[in-house]
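As a plain string of letters, each chain reads:
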Amino acid sequence: RRHGNVWQLQLYPGGTALQVNANNSNNNTIVHVSAFLHNVEGPDVNAKTTFIVRDAYGNTFHRETSEDVDCYKALKECFGYFAFVERSVVLDEANSILLRGMLIVDVEVQTGSKPPPRRLVSKNHHILDGNDF
């Protein structure tokens, strides 16, 4: 019998459809990798998250931490970043981010606190439901 939650990290190397459409309407040419965390199985959980890009040597290259605690409702919503990290930065070999073509992203999940009222929590952290993809 399994205890706890099952999580799924979704990465979009060219951004999500929402981000691509926003870039096109603003004539923005910067493409970002988008990253979202889903609670795919288990009870609803209040959590604060940190998304971390590691370089090929295991060092932290980029980090985004949620400012507030979010309620991860099972199979209903996800939280993450439309503009997690610039795609050109990831692809630049001088940064040594890709390891044999793979992007290494760690997600730290801290659970147990009460969530704030529902809102967008920063310029880059978004609450999404299944209709946003």
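Cut-offs used in this document
- Residues numbered from 1 in each chain as written.
- Predicted model: local features only at pLDDT ≥ 70, side-chain atom pairs only at ≥ 80, totals over all residues.
- Heavy atoms only, no water.
- Helix = DSSP H or I, 4+ residues; strand = E, 2+ residues; numbered from the N terminus.
- Buried < 20%, exposed > 50% of the residue type's maximum accessible area, 1.4 Å probe, protein only.
- Contact = heavy atoms within 4.5 Å.
- Areas by Shrake-Rupley, 256 points an atom, 1.4 Å probe, with all protein chains shown as cover.
- Salt bridge = Lys/Arg side-chain N within 4 Å of Asp/Glu carboxyl O.
- Polar contact = N/O pair within 3.5 Å; in protein donor to acceptor, adjacent residues only side chain to side chain.

A. Seen up close, the overall build of the protein chain. The helix and strand tally for the protein chain stands at 2 helices and 8 strands. Burial status across the protein chain gives 34% buried among its 133 residues. Restricting the contact set of the protein chain to residue pairs at least 6 apart, pairs at least 24 apart contribute 72%. Working note: accessible area of the protein chain is about 7900 Å², and carbon and sulfur atoms make up 48% of it.

B. Quick peek at the pattern of salt bridges. Per the counting criterion, the structure on display carries 2 salt bridges. A salt bridge links aspartate 106 to arginine 54; the nearest nitrogen and oxygen atoms lie 2.7 Å apart. Here aspartate 106 is found in strand 7 (residues 104–111), whereas its partner arginine 54 is found in strand 3 (residues 45–54), with 52 residues between them in sequence. Judged by its relative accessible area of 18%, arginine 54 is buried. Across the pair arginine 63 and glutamate 108 runs a salt bridge whose closest N-O atoms are separated by 3.8 Å. Of this pair, arginine 63 sits in strand 4 (residues 60–65) while glutamate 108 sits in strand 7, and the two are 45 residues apart along the sequence. The partly exposed category is assigned to arginine 63, whose relative accessible area is 43%.

C. Highlighting the environment of leucine 11. Here leucine 11 lies in strand 1 (residues 6–12). Take leucine 11: its relative accessible area is 32%, and that puts it in the partly exposed class. With 25 residues separating them in the primary sequence, leucine 11 and phenylalanine 36 have C-alpha atoms 6.7 Å apart.

D. Region of the structure containing the side chain of histidine 38. Topologically, histidine 38 is positioned in strand 2 (residues 32–41). A distance of 2.6 Å separates the side chain of histidine 38 from the side chain of glutamine 10, its partner in a polar contact.

E. Just unusual backbone geometry, in detail. A positive phi angle, near 50 degrees, is found at serine 96, a position not held by glycine. Positive phi, normally seen in glycine, also occurs at arginine 100, with a value near 50 degrees. Take arginine 100: it is sitting in the loop between helix 2 (87–91) and strand 7.

F. Quick peek at the side chain of serine 34. Here serine 34 shows up in strand 2. Owing to a relative accessible area of 0%, serine 34 belongs among the buried residues under this scheme.

Note that all results are geometric; they support no functional claim without further evidence.
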